[in-house]
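Architecture at a glance
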Amino acid sequence: MPSDSPLIAGLALVGALVLLRFQAWRAVLCVRPQAVRVEVETPADVTQVPGELEDLWGELQKLGFTLLGAHSEKAPLAPSTRWYLDAKHPNQPVVASLSVGRDEQEHLVFVTQSERGFVITANYRRLSFEVPGAYLAGGLDGAAPERLLKAHLRRLPEIGAPRDVKTIEDRVVAAREWYSRSGKPELRQQHAVGLLWTLGALGMVGAALFRLVA
């Protein structure tokens, strides 16, 4: 079968479109992280804790956390919207965000913001990313909430005086600031491969269309 046959060009086009379906949103995150839409979903008094997060939420309650509400994050072209349950520690400047990850496991992230930047500590495998004095992010895979909180608190002095988060609206503002400032280098590093795959897929689409119409 000739290499420039319409069938091969059509198959290449389909493959490129499938690749774009799964990688284009990563390219957007790499190029323009601030394009992620972060919105308040529900305040605390009407927020329902999903069944798959009940055990983790129970452990956080034992540590004193109280519910702020829920928010969502949606990257352009992403296949789904991420939903987060947010809570605040009564005595420490720490917000806990719970979600079900793409691996279908319980994900817990502790977040603290200051004028300089953020400290972020997760209970799943997350590449460490640090800007001394301004941004500290990392993960302790499988760590229990109490151990994770202790590790998070140890790092807070490195970023200066923390901001207090009192409402779910404050939490959303912090998330938006992370996407527009502190999180940009980390997201660009994390999704650079997705950008390369997207550029390659776009090249495949162009080549396939040229063969089909030539």
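Anything mentioned here points back to the structure above.
Notes on the structure in this doc start here.

So, how was this worked out
Residues numbered from 1 in each chain as written. Predicted model: local features only at pLDDT ≥ 70, side-chain atom pairs only at ≥ 80, totals over all residues. Heavy atoms only, no water. Helix = DSSP H or I, 4+ residues; strand = E, 2+ residues; numbered from the N terminus. Contact = heavy atoms within 4.5 Å. Areas by Shrake-Rupley, 256 points an atom, 1.4 Å probe, with all protein chains shown as cover. Lys, Arg positive; Asp, Glu negative; His and termini not counted. Charge placed at Lys NZ, Arg CZ, Asp CG, Glu CD. Phe/Tyr/Trp six-rings, centres within 6.5 Å; stacked < 30°, edge-to-face > 60°. Buried < 20%, exposed > 50% of the residue type's maximum accessible area, 1.4 Å probe, protein only. Pairing = 2+ DSSP bridges. Axes fitted to C-alpha atoms, helices over the stretch in contact; angles between N-to-C directions. Salt bridge = Lys/Arg side-chain N within 4 Å of Asp/Glu carboxyl O. 1 Å grid on protein atoms, 1.4 Å probe; cavity = no way out; pocket = protein on both sides within 12 Å on 5 of 7 lines; lining within 4 Å. Points joined across faces, edges and corners; volume = space filled by probe spheres on them. Nonpolar A, V, L, I, M, F, W, Y, C, P; charged D, E, K, R; others polar. Patch = residues over 30% accessible without salt bridge, like charges linked within 9 Å, V, L, I, M, F, W, Y side chains within 5 Å.

**Brief notes about the overall build of the chain**
Scanning the chain from terminus to terminus reveals five helices and eight strands. Ordered by position from N to C terminus, the α and β elements of the chain give α-β-α-β-β-β-β-β-β-β-α-α-α. Reported as C-alpha extents along the three principal axes, the dimensions of the chain are approximately 70 × 40 × 30 Å. Counting contacts in the chain only where the partners sit at least 6 residues apart, residues at least 24 apart contribute 61% of the total. Summed over all atoms, the accessible surface of the chain reaches about 11,400 Å², with 57% contributed by carbon and sulfur. Both charge centroids of the chain, one from 24 positive and one from 23 negative side chains, sit 7 Å from each other.

**Section: the packing of aromatic side chains**
According to the stated counting rule, one finds three aromatic pairs in the structure shown. Each ring, one from Trp 178 and one from Tyr 179, has its centre 4.9 Å from the other, and the planes form 75 degrees; the classification is edge-to-face. Grouping residues by exposure puts Trp 178 and Tyr 179 together as buried.

**As for the sheet that holds strand β1 (residues 37–43)**
Taken in spatial order, the eight strands line up as β1-β2-β3-β4-β5-β6-β8-β7 in an open sheet, and their pairing is mixed. The strands lining the two open edges of the sheet, one partner per strand, are β1 and β7 (129–131). Neighbour-to-neighbour, the strand axes of this sheet turn through a mean angle of 20 degrees, independent of strand direction. Relative to β1, helix α4 (residues 168–182) is tilted by about 165 degrees, and along the sheet it contacts β1, β2 (66–74), β3 (82–88), β4 (95–100), β5 (106–113), β6 (118–122) and β8 (135–139).

**Comments concerning the pattern of salt bridges**
Going through the model one piece at a time under the given rule, you end up with 11 salt bridges. For Glu 158, the salt bridge identified is with Arg 155, shortest N-O distance 3.4 Å. Looking at Glu 158, the relative accessible area reads 36%, which means it is partly exposed. Exposure remark for Arg 155: the relative accessible area of 25% places this residue in the partly exposed category. Its salt-bridge partner being Glu 177, residue Arg 163 comes within 3.1 Å of it at the nearest N-O pair. Here Arg 163 is found in the loop between α3 (145–155) and α4, whereas its partner Glu 177 is found in helix α4, with 14 residues between them in sequence.

**Considering empty space enclosed by the protein**
Applying the stated criterion across every chain yields a total of two cavities of 30 Å³ or more. Forming the walls of the largest cavity are Lys 88, Pro 93, Val 94, Val 95, Val 111, Thr 112, Gln 113, Arg 163, Asp 164 and Val 165. Here the lining of the largest cavity gets three residues from one element, more than from any other, and that element is β5. Partitioned by chemical class, the residues of the lining of the largest cavity number five nonpolar, two polar and three charged. Roughly 40 Å³ of volume is contained in the second largest cavity.

**Description of a negative patch on the surface**
Judged by side-chain charge, Glu 52, Glu 54, Asp 55, Glu 59 and Glu 106 come together as a negatively charged surface patch. It is helix α2 (residues 54–62) that contributes the most residues to the negative patch, three residues altogether. Secondary-structure assignment places Glu 54 in helix α2.

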